[in-house]
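Chain residues, written in single-letter form:
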Amino acid sequence: MKKFRQSWRWYGPDDPVSLSDAKQAGATEIVTALHHIPMGEIWTVREIEKRKAEIEDAGLVWGVVESIPVHEDIKTRSNNFQTYINAYKESIRNLAQVGVKIVTYNFMPVVDWTRTDLHFQLADGSKALRFGTKAMIAFDAFILKRNGVENDYSAQQLEDAKTYLADLTEEEEATLIRNITAGLPGSMAAKTNSLDSFRALVENYKGMEAATLREHLLLFLDEIVPVAEVSSVRLAIHPDDPPFSLFGLPRVVSKQEDVKAIFDRVDSIANGLCFCTGSFGVSPTNDLVSMLKEFGPRIHFVHLRATKREEDGSFYEAQHLNGDVDMYAVVKELVNIQQTRNESIPMRPDHGHVILSDLDKKTNPGYSGIGRLKGLAELRGLELGIIKSM
Ligand code: DNO
């Protein structure tokens, strides 16, 4: 029987959760990126080899790249976009040369994944990530003061957000700004944008419809998929997290039809998906099992995580098996896909709560050691139970 390749995200030598921790958690593969290389620059064979050797010295393998970031110029098709696309192709070729063959990326304008609270305390004292609608609107309308913001929210929502903001201490407000403008609360090394530069980044998309952003993505794929194909690399686009518009910006990888449009345009195994249940699962209209059935052959990487929706569109990250995602149904379908393909798919426990001694430690938001270890253990147990009962 084919089973998940158990993988683990590692942020590189500065990650407080070490390669040896990953190994003790039971992972056999590492998911990482060359975080020190500025966005848009070529990943050279030398740098890739160096990172690969570090991982192999620890008795692990570099299974998946997450991510080669896509430069904003490519998303807006402005300025130096062609140079950046050429660099992207070169990085794909170089990775292939060194034998790293799965590449994750996303196409979210300005920000990567976004949360408003990185230390949301649960009833048992553990901590989780949370996206609060009021906090987001407060930031958008009263801190960023984005042009046209009043068209995107109801009067009641704006009123509630104003009250919410008024109740924050100065320090809490500064934290909220930092959380949102960091753009990638997955790495402590993430560059924090100033409010002004963040505003300018958002302004670059002024008036851009989703159809235009989608076309930019498809034009990008027209160029990179053929390169991936000849290099035997599989690309895996990561969905929008959360799967809806933020700051009035378009998002084009939020639902089943979005993925279908991407797959139809370049019908190649190299043009694939990173199936992230925590991202798609936020939207109650996303039927995860139906998506798995439709996209199974082109799912090259899996992130397993479950969120819990709240009334006003807010959500927090629940335990891996206890959120709104029907993890049993999802894993069962993934077990089927792996048997049909006769191939194991890399899966990583996505995010984890901060629990036990990690509460006294500083780790990357979402990437604590013990919470992910627990997630991985639960998920591989679930998979084993499903397989044994088949
Ligand atoms: C969050 C991650 C994302 C993901 C990128 C892929 O924890 O899943 O940051 O790595 O969106 O490009």
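The written sequence of each chain sets the order in which its residues are numbered from 1. Only residues with pLDDT of at least 70 get local features here, since the model is predicted, and only at 80 or more are side-chain atom pairs given and counted; chain-wide, interface and lining totals rely on the full set of residues. Only heavy atoms go into the side-chain values, all of them from the structure, while hydrogens and water stay out.

**A look at the pairing of strand β3 (residues 61-66)**
- For β3, the buried fraction is high: five of the six residues fall into the buried class.
- Strand direction decides the pairing type here: strand β2 (residues 29-32) and β3, joined by four bridges, are parallel. The partner of V31 across the bridge, within β3, is V64.
- Alignment of β3 against strand β4 (residues 102-106), held across two bridges, turns out to be parallel. Bridge pairing links E66 to T104 in β4. The buried label applies to any residue whose accessible area, calculated with a 1.4 Å probe on protein chains only, is under 20% of its type's maximum; exposed applies above 50%, and partly exposed to all values in between. Only DSSP runs of H or I reaching four residues or more are called helices, and only runs of E reaching two or more are called strands; each is numbered from the N terminus. When DSSP locates at least two bridges between a pair of strands, those strands are taken to pair.

**Describing the domain arrangement of the protein**
- Domain assignment breaks the protein into domain 1 (5-113 + 209-306 + 327-389) and domain 2 (117-203).
- Two residues form a contact once any of their heavy atoms are found within 4.5 Å. On the side of domain 2, 24 residues touch domain 1, which itself brings 24 residues to the contact.
- When two parts are put together, the accessible area they lose, computed with a 1.4 Å probe and summed over both, is reported as buried area. Contact with domain 2 buries surface across domain 1, with V110, W113 and F247 losing the most and accounting together for 33% of the total.
- Any Lys or Arg side-chain nitrogen located within 4 Å of an Asp or Glu carboxyl oxygen qualifies as a salt bridge. Between the two partners, domain 1 and domain 2, sit zero salt bridges.
- Polar contacts, as counted here, are pairs of nitrogen or oxygen atoms within 3.5 Å of one another; within protein the pair requires one atom able to donate a hydrogen and one able to accept it, and residues that are adjacent in sequence qualify only if both atoms are side-chain atoms. If you look at where domain 1 meets domain 2, you find two residue pairs in polar contact (both at pLDDT 80 or more).
- Residue polarity is assigned by list, with Asp, Glu, Lys and Arg as charged and Ala, Val, Leu, Ile, Met, Phe, Trp, Tyr, Cys and Pro as nonpolar; anything else, Gly included, falls into the polar class. Residue composition of the side of domain 1 that touches domain 2, grouped by class: 15 nonpolar, six polar and three charged. Bear in mind that the domain bounds are from an automatic or database domain assignment.

**Remarks on the site of the ligand**
- Around the ligand, 14 residues are found, and the nearest of them are E66, S67, D112, H351 and Y367.
- Between E66 and the ligand, the recorded distance is 2.4 Å, taken from a side-chain N or O atom to an oxygen atom.
- Within the side chain of S67, a nitrogen or oxygen atom sits 2.6 Å from an oxygen atom of the ligand.
- Computed with a 1.4 Å probe, the accessible areas rest on the Shrake-Rupley method; for each residue, only the protein chains presented here act as cover. Contact with the protein chains covers 100% of the free accessible surface of the ligand, which is 330 Å². We define proximity as follows: a residue is near a molecule or strand when any one of its heavy atoms falls within 4 Å of that partner.

**Thoughts on the packing of helix α12 (residues 288-295) against helix α13 (residues 327-341)**
- For helices, the fitted line uses only the C-alpha atoms of the stretch in contact; every axis is such a line through C-alpha atoms, and the angle between N-to-C directions lies from 0 to 180 degrees. Two elements in contact, α12 and α13, have axes separated by 9 Å at closest approach and are oriented at 10 degrees. One finds that α12 runs roughly parallel with respect to α13. Contact residues: α12 offers L288, V289, L292 and K293, while α13 offers A329, V330, E333, L334 and I337.
- Here the contact of α12 with α13 is built from residues that sort into seven nonpolar, no polar and two charged. Roughly parallel means an angle under 35 degrees; roughly antiparallel means over 145; roughly perpendicular covers 65 to 115; every other angle is labelled oblique.

**Notes on helix α6 (residues 155-166)**
- Helix length check: α6 (twelve residues) gives 17 Å between terminal C-alpha atoms against 16 Å at 1.5 Å per residue, within 8%.
- When we look at burial in α6, the residues that qualify are L158, A161 and L165. Viewed end-on, α6 has its buried residues packed into an arc of 65 degrees, placing them on one side of the element. Turned more than 90 degrees away from the buried face of α6, the exposed residues are A155, Q156 and A166.
- Structurally, α6 contributes buried residues whose contacts are with α5 (133-143) and α7 (170-181). A helix is expected to reach a length of 1.5 Å times the quantity of its residues less one. Directions pointing from the helix axis toward each C-beta atom define the arc.

**Considering empty space enclosed by the protein**
- A cavity, in this analysis, means grid points on a 1 Å lattice covering only the protein atoms where a 1.4 Å probe fits yet has no way out; a pocket is instead an open set bounded by protein on both sides within 12 Å along at least five of seven lines, and a residue lines either one if it has an atom within 4 Å of a point. Grid points are joined across faces, edges and corners, and a volume is the space filled by probe spheres set on the points. Applying the stated rule across the entire model yields two cavities of 30 Å³ or more.
- As a volume, the largest cavity reaches approximately 100 Å³.
- Along the walls of the largest cavity sit 14 residues, with Q319, H320, G352, H353 and G371 positioned nearest its centre.
- Take the lining of the largest cavity: its biggest share by element is four residues, from helix α14 (residues 369-388).
- In terms of residue class, the lining of the largest cavity is built from two nonpolar, seven polar and five charged.
- What lines the second largest cavity is a set of 14 residues, and nearest its centre among them are G40, E41, I68, P69 and Y88.
- The element best represented in the lining of the second largest cavity is helix α4 (residues 81-98), accounting for four residues.

**Remarks on the sheet that holds β2**
- With respect to topology, eight strands assemble into a closed barrel ordered β1-β2-β3-β4-β7-β8-β9-β12, the strand pairing being parallel. The sheet shows a mean angle of 30 degrees between the axes of neighbouring strands, direction not considered.
- Relative to β2, strand β1 (residues 5-9) runs parallel, the two being bridged by three bridges. In the sheet register, S7 faces β2, and the bridge partner there is E29.
- The sheet contacts of helix α10 (residues 256-265) involve β7 (234-238) and β8 (271-276), and relative to β8 the element is tilted by about 160 degrees.

**Observations regarding the packing of helix α2 (residues 45-57) against α4**
- Packing of α2 against α4 brings their axes to within 9 Å, and their N-to-C directions diverge by 45 degrees. As judged from the angle between their axes, α2 and α4 are oblique. Crossing angle aside, the handedness with which α2 passes α4 is right-handed. Mapping the contact onto sequence places V45, I48, E49 and K52 in α2 and N94, L95, Q97 and V98 in α4.
- Split into classes, the residues belonging to the contact of α2 with α4 amount to four nonpolar, two polar and two charged. Less than a right angle of anticlockwise turn of the near helix away from the far helix marks a crossing as left-handed, whereas a clockwise turn marks it as right-handed.

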